[in-house]
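Working through the structure, step by step
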Amino acid sequence: MSVALWVVVPYIALTIFVVGHVWRWRVDQFGWTTRTTQVLESRLLRLGSPLFHLGAFAAIGGHVLGLLVPKSLTEAVGVDEHLYHLVSVSAGTVAGLMVVAGLGLLLARRLTSPRVRRTTTRADKVLFAVIAATIALGMSATVGQNLLGGGYDYRATIAVWFRGVLTFHPDPGLMAGVPLIFQLHALSAWVLAAIWPFTRLVHVWSAPVAYLWRPYVVYRRRAPLGVRR
Amino acid sequence: MNELRSGNLRFAAEDPGDPANFPRVLTVWRANLLGSSGKGNEYFLRHLLGADAETRNQEGLRPAEVTWREEAAEGKLDLLTAIDFRMTSTALFSDVVLPAATWYEKHDLSSTDMHPFVHAFNPAIAPPWQTRSDYDTFLSLADRFSALAADHLGRRTDVLAVPLAHDTPDELAQPGGRVRDWKHGECEPVPGRTMPRIVAIERDYAAVGERMRSIGPLFAELGLTTKAVTYRVGPELDYLADKNGTTGEGRVSLATADRMCEAILALSGTTNGRLSTQGFETLEKRTGTRLADLAAEHEGRRITFADTQSRPQPVITSPEWSGSETGGRRYSAFVINVERDKPWHTLTGRQQFFLDHDWIIELGEQLPAYRPPLNMRRHYGEQRDGADGDGGAEVTVRYLTPHSKWSIHSEYQDNAYMLALSRGGPTIWMSVEDARAIGVADNDWIEAYNRNGVVVARAIVSHRMPAGTVYMYHAKDRNVNVPLTERSGRRGGVHNSLTRLLLKPSHLIGGYAQFTYAFNYYGPTGNQRDEITVIRRRAQEVTY
Amino acid sequence: MRVMAQVAMVMNLDKCIGCHTCSVTCKQTWTNRDGVEYVWFNNVETKPGVGYPKRYEDQDRWHGGWQLDRRGRLKLRAGGRVKRLLNLFSNPDLADLDDYYEPATYDYDTLINAPAGPHTPVIRPKSAITGRDMAITWGANWEDDLGGAPEHAPADPVLAAMAEKVKMEFDKTFMFHLPRICEHCLNPACVAACPSGAMYKREEDGIVLVDQNRCRGWRMCVSSCPYKKVYVNHRTGKAEKCTFCFPRIEAGQPTVCAETCVGRLRYLGLILYDADAVLEAARVPDPRDLLEAQRRVFLDPSDPEVVEAARAAGISEDWIAAAQRSPIYRLAMRYRVALPLHPEYRTLPMVWYIPPLSPVLDAVTGVGADADDPDNVFHAITDLRIPLEYLAGLFSAGDTEVVAGVLMKLSAMRAYMRARTVDGTVAEDLLESVGMTAAEMEELYRLLAIAKYDERYVVPAAHREDAAALSAQADGCSLDGDGGPGMSDFHPAGVTGRRTDGRLGLKIFVRDGGTA
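Residues numbered from 1 in each chain as written. Chains lettered and ligands numbered in written order. Predicted model: local features only at pLDDT ≥ 70, side-chain atom pairs only at ≥ 80, totals over all residues. Heavy atoms only, no water.

- Taking an unreviewed UniProt entry as the reference, chain C is identified by name as Nitrate reductase beta subunit belonging to Nonomuraea roseoviolacea subsp. carminata.
- The record held by UniProt for chain C lists under Subcellular location (unreviewed entry) the comment "Cell envelope". (UniProt positions renumbered as here; feature names shortened; annotations may be inferred.)

- An unreviewed UniProt entry lists chain A under the name Nitrate reductase gamma subunit, from Nonomuraea roseoviolacea subsp. carminata.
- Looking at the Subcellular location (unreviewed entry) heading of the UniProt record, one finds this comment for chain A: "Cell membrane".

Written out as structure tokens, the structure reads:
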């Protein structure tokens, strides 16, 4: 059972994640878009979208720190467990609140604006459900365990397990004693990873960072010049 | 004649209220009589159809010689048929709707005197579902009618009162424009001079279908006459017999629309150089002025339907029209009259401003005269500006119905693009002053009414409109975005719900020079647009 | 000097009657689909009026186009690169659907299927977006023929900026129609604002396009265009715009809007331009100098040096010949009667306009009006119904001298041709006053008034001899499929299905919720 949940599920999800993205990139460039609906409703979006996105960046940043950076490294630079816990919980809660508020506004917008509702696809509905579940579970974990509760040192277990999966040295046993809420959050995240390539979330990979150094005006030729002679 | 003299037999026009004189069967095709063109729409609905209508007209005057019935007849028609591809008001009110093919689903010809080409319509697809071309529809109706008529009608002799005709010697029937009425003993009743011609026609009702499909014997016997020029068409009939084939009786076949098109092209001087030259030669003898050279460049040319299908064909100058396309000129009216001194079809043979008919003299219009709009308030008791029953302001304005840029009459105005580019439903243009007087802002719902009917529309307020006049463009039907009116609780009317036909007496002149009758239609003459209407702002909540 | 070619357009507003044929034919060709019901790549506005979308010309509000920073460098009015990325999540400058209009559709079937009832059946407007009943309160052409003008036209940014206020009175009424398409600018703000680089200007002919496969829906282009000619397709979530009918242009045919123009008022032709001079021209400090600056970017196709450089740049012989016959070059450069729309946006637009003449405001007592010769409006050019200041606000960044010069040339042409036709005389004084020869005047007349088809449209076909270009044709159209203008819909049975170009797709991409 342990192997099924903490080895099989992750690798299946990762495989779908990778293969799915390759397929989607090659086959559905036309559908690879944010599917913007600002023109249909802008009032709720004005607040909801930046809140959600910036909150999500912060939360993801926190996950990078908490999952991918080994404890040894943080301690080596002088951040002890307590300091880490303080920062991660406070920043994490703020980020989490932003995400929840943002997502709440975006969800409310999609439900209450008839214009926006009509552009919602099946993939959108599945995505909203999974992302809401993941975030809700994550918030419960952070607030329940680490803010209001005694605190759980996930860096000792979950983070190690996670890095093990990525480096093909998975140790399912690490997850055995993890609190249920974290386990559910992790599983929910794998589900999200698995559906990611088939939803509008692919727009994340198109974050236009290169715009910062691209010349303003872009030209294209229909055919290379040399062939013309 | 004795019956007429004694008064036993009267003209139907003397008692339109007698059920024996009602029109009974009306077929509307390629037209939207009840949603667009019929002036006095509500009168059509009440008296012709017997449907709900909004007229509140109380006529005070009574005619002296026409029988007046206090209860005006309602619902005169027994059968209204519409042949159309749109569900217009006419179709909605019809007893029977026959689905029609559209322009790209049939053979037909198109032309206009305003440009020098003849065009073909060609079917890009066959008429879909149960639609049929007009031609086939009428042939089907004719066949069914003929089958039933064999039992019910058989052969009959029909006696017609035929009007004195323009471009015939009938024009000299009343010299000096002196009008004498034989009914009052001012003269003898002489058909073709002081009264219509009495013509007996043999009808073979069972043969209607067959006759529709063929050219009868009279073309060969009498030729074709247009504007007093008679064309002998023997060679054309021979050609058509070959081209179209013949019926069992050896007549030229018109069994299909393209055969009809072929026949029209062969028998018209505008598309048959031999006939136009012949016509001009006939005219040369009559007028003594050189004309035949106008068609000479095309004398050997005959435009066939296949020619028109390959590309629009430039027409040949021909006596049916007064313009000249010779040498590639473009149409302009009366060129032949001006440049070749061909007499004008008037009493004097020239353009004339002075008219001397008795009735015109009585109206004081021997020379062109300015006539102000009819004083509708005085004549018909229409109200002045003021307030309505609830104290809301009302304003009384001139009501005009110019042609729309979003439609050809009511065609296309219901198309989604036209609705998107105009304001998506009926509107009335009004001036800033009039809008202010009744508290109306741009796009507010308003109601316009008069004794003829009531309209509900949205206002377009513009400083382009002169104070005291409103426009409701011709035409929008009542089937797109027309709510129920406050005034009646029923569906608002069309723009012609506020109008009615007003016959100007001088338009009834016949039998005298250029006033003699010719078949056409009674169009929107100036006095039709002397109408006024009362406008008020209504509740902005509308129900449909 | 880097010589490039662009197909450009001129519209003669003297002849536009506002029939909107161009709008309807363009819409029927390109935007008669879900997602772009409210979109008109070609629209026709009545001026004065707020236009479509409302008040799009107010760049203080919408931040479209370019401006110069304190150091005289060009920057997008909406901000630099960093600001653009920060605004990615909610674009503060993006117009709402209600600034355009909520598109309506009608339930035509009701007329045929309505049950018997006390009232004649009627079809009602329903939102094409939500399917619900709606009241019609604005539209794509609300102000047509000055409908609603007293209420709305004062908000016309050009009108509002005039020093001499316009009073909307019956006997001072003025109006004209302004058909607009994408300007396919030399310095396009939309391309500059596109974060993903999906928008591009074509090297061969200057047409600006959105790559539907690369657009990621950041919708920065939509707000950056000062003419508001890039639109959001709310179904696909991508940007779409006027394509200058490039498939037709490549075949040597005019654009649909031009081909179908009833008034024969549009012109198409090549302009050879110096791509290296574009930025410098856009950067001239005084907006009133932008017109001449842009004219300096245009190259004389008869100049042997230009021809040499064009050849070296790979422009083929027939294109060079077409540039030499170009009606755009003649109207914009030789006769100088065509002017750019809102040059102050600094995008160097390539669809220019000939401003309309209008009647003398008060023929009887107007200053200098010549009662004997109605065509002699020279002294009354400042008294025409359409205020010079208004036209200058549209076409010359406020420089009334420029517009007056064009109008004088046009009215001189009329007077000259009247004298020639009616009296058979040659009005030398008129020619002198506008600095034209008789031959030039008559050529201008032939071009503007007679406007023969093959003199209006001088469009050389694209060259197809490249194998690469041929293979590009085989990839099919990226717009086939749900939301695109391709011929067939994507209706797979089951979970997967084949798109029209053979690619496999999953059904989850199909929008749920039925059709509008």
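So, the domain arrangement of chain C
Residues and elements named next belong to chain C.
- Domain assignment breaks chain C into domain 1 (1-97 + 142-356 + 458-463), domain 2 (102-137) and domain 3 (467-509).
- Relative to domain 2, the C-alpha centre of domain 1 lies at a distance of 36 Å.
- The interface of domain 1 with domain 2 comprises five residues on the first partner and six residues on the second.
- Linking domain 1 with domain 2 are zero salt bridges, by the criterion used here.
- Where domain 1 packs against domain 2, one counts zero residue pairs in polar contact (both at pLDDT 80 or more). (Domains from an automatic or database assignment. Contact = heavy atoms within 4.5 Å. Salt bridge = Lys/Arg side-chain N within 4 Å of Asp/Glu carboxyl O. Polar contact = N/O pair within 3.5 Å; in protein donor to acceptor, adjacent residues only side chain to side chain.)

A closer look at helix α1 (residues 2-27) of chain A
All names here are of chain A.
- Taking 1.5 Å per residue as the helical rise, α1 with its 26 residues ought to reach 38 Å, and the 36 Å between its terminal C-alpha atoms agrees with that figure.
- Residue Val8 marks the point of greatest curvature in α1, where the axis turns by about 30 degrees; the proline Pro10 follows within four residues.
- Where α1 is concerned, the buried positions are Trp6, Val7, Pro10, Ala13, Gly20, His21, Arg24 and Val27. (Helix = DSSP H or I, 4+ residues; strand = E, 2+ residues; numbered from the N terminus. Expected span 1.5 Å × (residues − 1). Bend = angle between axes of the 7 residues up to and from the residue. Buried < 20%, exposed > 50% of the residue type's maximum accessible area, 1.4 Å probe, protein only.)

Section: the arrangement of the chains
- There are two pairs of chains in contact here, and the one with the most contacts is chains A and C.
- Here chain A and chain B are not in contact; the least distance found between their C-alpha atoms is 19 Å.

A closer look at the UniProt feature "transmembrane region" (unreviewed entry) in chain A
Residues and elements named next belong to chain A.
- Using the residue numbers shown here, the UniProt feature "transmembrane region" (unreviewed entry) corresponds to residues 6-23, 44-70, 82-106, 126-144 and 174-196.
- Along residues 44-70 the backbone is 93% helical and 0% strand, and the end-to-end C-alpha distance reaches 39 Å.
- Annotated as residues 126-144, this span is 100% helix and 0% strand, and its ends, taken at the C-alpha atoms, are 26 Å apart.

A look at the sheet that holds strand β13 (residues 339-340) of chain C
All names here are of chain C.
- Within the open sheet, the four strands sit side by side as β12-β1-β14-β13. Their pairing is mixed. Since the sheet does not close on itself, it has two edges, and those belong to β12 (266-274) and β13, each with one partner.
- Bridge analysis of strand β1 (residues 3-12) against β12 gives nine bridges, and the strand direction is antiparallel. Bridge pairing in β12 places Val3 opposite Asp274.
- Across the face of the sheet, helix α16 (residues 327-334) comes into contact with β1, β12 and β14 (351-354) while running at roughly 70 degrees to β12. (Pairing = 2+ DSSP bridges. Axes fitted to C-alpha atoms, helices over the stretch in contact; angles between N-to-C directions.)

A few points about the packing of helix α8 (residues 234-244) of chain B against helix α9 (residues 257-267) of chain B
Residue and element names in this part refer to chain B.
- The geometry of α8 relative to α9 is characterised by a closest axis approach of 10 Å and an angle of 160 degrees between their N-to-C directions. The orientation of α8 relative to α9 falls into the category roughly antiparallel. Relative to α9, the crossing made by α8 is right-handed. Where α8 abuts α9, its residues Glu236, Tyr239, Leu240, Lys243 and Asn244 lie against Arg259, Glu262, Ala263, Ala266 and Leu267.
- For the contact of α8 with α9, a count of residues per class yields five nonpolar, one polar and four charged. (Parallel < 35°, antiparallel > 145°, perpendicular 65-115°, else oblique. Left-handed = near helix turned anticlockwise from the far one by under 90°. Nonpolar A, V, L, I, M, F, W, Y, C, P; charged D, E, K, R; others polar.)

Observations concerning the nonpolar core
- Within the largest apolar cluster, 177 residues are counted, with the highest numbers of intra-cluster contacts made by Tyr38 and Leu331 of chain C.
- By residue number, the principal contributor to this core is helix α18 (residues 400-423) of chain C, which donates 10 residues.
- The contacts of Leu331 of chain C, once residues within four sequence positions are left out, are Val10, Tyr267, Arg336, Val337, Ala338, Ile354, Leu444, Leu447 and Leu448 of chain C.
- By size, the runner-up hydrophobic cluster in this structure holds 25 residues, among which are Leu224, Val233, Leu237 and Ala295 of chain B. (Core = buried A, V, L, I, M, F, W, Y, C linked by side-chain atoms within 4.5 Å.)

Looking at the interface of chain C and chain B
- Of the residues lining the interface, 40 residues belong to chain C; the matching set on chain B comes to 39 residues.
- Overall, the association of chain C and chain B removes approximately 3300 Å² of surface from exposure, summing both partners, and the carbon and sulfur fraction of that is 62%.
- The largest per-residue losses of area from chain C upon contact with chain B belong to His119, Thr120 and Trp142 of chain C, which jointly make up 17% of the total buried on that side.
- If you look at where chain C meets chain B, you find two salt bridges.
- Across the pair Lys405 of chain B and Asp145 of chain C runs a salt bridge, and its minimum N-O distance is 3.6 Å.
- Across the contact surface, chain C and chain B share 19 residue pairs in polar contact (both at pLDDT 80 or more).
- For the side of chain C that touches chain B, the elements supplying multiple residues, two or more each, are α1 (21-30), α5 (109-113) and α6 (149-152) of chain C.
- If one sorts the elements of the side of chain C that touches chain B by residue count, α6 of chain C sits on top with four residues.
- Of the residues belonging to the side of chain C that touches chain B, the class tally is 21 nonpolar, 13 polar and six charged. (Buried area = accessible area lost by both parts, 1.4 Å probe.)

Section: the interface of chain C and chain A
- On the chain A side, the residues contacting the 84 residues of chain C number 55 residues.
- With both chains or domains summed, chain C and chain A bury close to 6300 Å², and 54% of this area falls on carbon and sulfur atoms.
- By the criterion of area lost to chain A, the three top residues of chain C are Arg81, Phe89 and Arg216 of chain C, representing 13% of everything that side buries.
- Counting every contact that joins chain C to chain A gives four salt bridges.
- The interface formed by chain C and chain A contains 32 residue pairs in polar contact (both at pLDDT 80 or more).
- Where the side of chain C that touches chain A is concerned, the elements lending two or more residues are α3 (81-86), α4 (97-100), α8 (189-193), β8 (199-202), α14 (304-312), α22 (467-474) and β16 (504-506) of chain C.
- By residue class, the composition of the side of chain C that touches chain A is 39 nonpolar, 20 polar and 25 charged.

Some points on the environment of Pro356 of chain C
- Mapped onto the elements, Pro356 of chain C comes out in the loop between β14 and α17 (388-395).
- Separated by 47 residues in the primary sequence, Pro356 of chain C and Ala309 of chain C have C-alpha atoms spaced 37 Å apart.

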